[in-house]
Amino acid sequence: MANSKYEYVKKFEVDDKLPPHNWIVLRIDGCHFHRFSADHMFEKPNDENALNLMNICAVTMLEHFPDIVFAYGVSDEYSFILKETTEFYQRRASKILSLGVSYFTSVYVMKWKDFFPHKELREPPSFDGRVICYPRAKIVRDYLAWRQVDCHINNQYNTCFWMLVKSGKTEREAQESLKGTLAKDKNELLFQQFSVNYDKLPAMFRKGSCVYVDKVEETVKLDDSGNPVKRLRKKVTVGHFDIIGPKFWNEHPYILEEE
Ligand SMILES: Nc1nc2c(ncn2[C@@H]2O[C@H](COP(=O)(O)OP(=O)(O)O)[C@@H](O)[C@H]2O)c(=O)[nH]1
Ligand SMILES: [Mg+2]
C-alpha cells in the first residue's frame, strides 16, 4: 500500500547535524549517582572498582567507535572526543548522543559483575549525556583542563571531608571545618591531622583517567638473521596524566591533530 497519506509526518523532523570541522565532545554523567553509589556501598571518597568499571566502559567505547580519539573520566562522568572530520551518522547529534549513551550504559551493566562479583546490581544505572562542538583543538584542550581542574578540586575536598568524617566528626562538622579553606590549607590539614601526603594518593583519584589510542612498537617475529621485525600497533591505553600542561599533548600530537 502506498504510504503517501502519512509520509508528511517526516517533514516534522528537524535536522540536527552538527557543524562540519568541529571537534565533537560527548559527555555522559551518571544519573543520581549520589544515591546509586550509596546503595551499592561504593568506598568513599573514591571507589577503585567503580572507577575501573567506568574506565573499561570507556575503553570499549574507543574500540567500538573508531572516530573517538580521546576520553577523559572522573567520578561518574566521562567525556569522549570525536575527531573534527568524523562523518559518524552524518554528524547527527541525536544519533551520536543516543548511541554513545546507550552503548556505554549497556557495557556498564554487562561488566558490573567483573568489578563487583559480590555485589548485586540492584537498580538499573542510567547516564545522561550531551554533545558540544568546539571549532579548535585548543578549546578542546581547555575543555579537558576544565574537567581535570574540577577533578582536582572535588577530590581534594572529598578526601579531606571523608578523612574528617572517618575520624569521628559529623558530616556537618566536617563541612564547617572545610568552609573557606584554600588548596594549601587542605593539603596541610591532611598532612598535619592524618599524615597523608596528598600527592602520594593514587594518580587515578587525583588526575582522573585518560583513554586514547597509543601507537606501541611490538616485535612480530624474528627475520632470517634473527633480528626482530617490529611494527607499530594501535592499542587503547588508560593512563592518569596531567592534561592541563603541554607535556602529554607534546608527546601525543596525533590525538588532537587538525587536518
Ligand atoms: N562513594 C563514592 N561515590 C561516588 C564515586 N563516584 C561518584 N560518586 C557519587 O556520585 C556523585 C556524582 O556527582 P553528580 O553527578 O554531581 O551527582 P548525581 O546527580 O547524584 O549523579 C558524587 O557526588 C558521589 O556521591 C565513588 O567512587 N565513590
Ligand atoms: Mg552524576
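Residues numbered from 1 in each chain as written. Chains lettered and ligands numbered in written order. Predicted model: local features only at pLDDT ≥ 70, side-chain atom pairs only at ≥ 80, totals over all residues. Heavy atoms only, no water.

For the protein chain, an unreviewed UniProt entry supplies the name tRNA(His) guanylyltransferase and the organism Dioscorea zingiberensis. The UniProt entry for the protein chain carries the following comment under Subcellular location (unreviewed entry): "Nucleus". (UniProt positions renumbered as here; feature names shortened; annotations may be inferred.)

A.B. asks: Even after reading the chapter, I still don't get the overall build of the protein chain, so can you show me in this structure?
C.D. replies: Secondary structure summary: the protein chain contains nine helices and six strands in total. With respect to the principal axes defined by its C-alpha atoms, the protein chain has extents near 75 × 70 × 40 Å. A buried classification covers 39% of the 259 residues belonging to the protein chain. Sequence-distant contacts, at least 24 apart, represent 72% of the contacts inside the protein chain between residues at least 6 apart. Accessible area for the protein chain stands at about 15,500 Å²; split by element, carbon and sulfur atoms hold 52% of it. (Helix = DSSP H or I, 4+ residues; strand = E, 2+ residues; numbered from the N terminus. Buried < 20%, exposed > 50% of the residue type's maximum accessible area, 1.4 Å probe, protein only. Contact = heavy atoms within 4.5 Å. Areas by Shrake-Rupley, 256 points an atom, 1.4 Å probe, with all protein chains shown as cover.)

A.B. asks: When you look at the site of ligand 1 in this model, what are you seeing that I'm missing?
C.D. replies: Lining the immediate environment of ligand 1, one finds 14 residues, of which Gly30, Phe33, His34, Glu43 and Asp47 sit closest. Contact distances for ligand 1 include 3.3 Å between a nitrogen atom and a side-chain N or O atom of Ser37. For ligand 1, the protein covers 68% of the area, taking 580 Å² as the surface of the free molecule. In terms of residue count, the dominant contributor to the shell around ligand 1 is helix H2 (residues 33-39) (three residues). (Near = heavy atom within 4 Å. Polar contact = N/O pair within 3.5 Å; in protein donor to acceptor, adjacent residues only side chain to side chain.)

A.B. asks: What is the right way to look at a nonpolar patch on the surface in this model?
C.D. replies: On the surface, Tyr8, Val9 and Phe12 cluster together into a nonpolar patch covering about 360 Å² of accessible area. Relative to the helices and strands, Phe12 is located in the loop between helix H1 (4-7) and strand S1 (23-30). The class for Phe12 is exposed, based on a relative accessible area of 64%. (Patch = residues over 30% accessible without salt bridge, like charges linked within 9 Å, V, L, I, M, F, W, Y side chains within 5 Å. Salt bridge = Lys/Arg side-chain N within 4 Å of Asp/Glu carboxyl O.)

A.B. asks: Could you clarify how one ought to interpret the side chain of Ser209 in this entry?
C.D. replies: Here Ser209 is to be found in strand S5 (residues 209-222). Judged by relative accessible area, Ser209 falls into the buried class, the value being 2%. The residues touching Ser209, leaving out its near neighbours within four places in the chain, are Asn55, Ala71, Tyr72, Gly73, Tyr78, Met204, Val238, Gly239 and His240.

A.B. asks: Honestly, the sheet that holds S1 in this entry has me stumped. Any pointers?
C.D. replies: Two orientations exist for strands paired in a sheet by backbone hydrogen bonds: parallel and antiparallel. Taken in spatial order, the six strands make up an open sheet running S4-S1-S3-S2-S5-S6, and their pairing is antiparallel. One side of each edge strand has no neighbouring strand; the edge strands of this open sheet are strand S4 (127-134) and strand S6 (228-239). Averaged over neighbouring strand pairs, the angle between their axes works out to 25° when direction is ignored. Pairing geometry for S5 and S6, over twelve bridges, is antiparallel. Counterpart to Lys221 in the pairing with S6 is Val229. (Pairing = 2+ DSSP bridges. Axes fitted to C-alpha atoms, helices over the stretch in contact; angles between N-to-C directions.)

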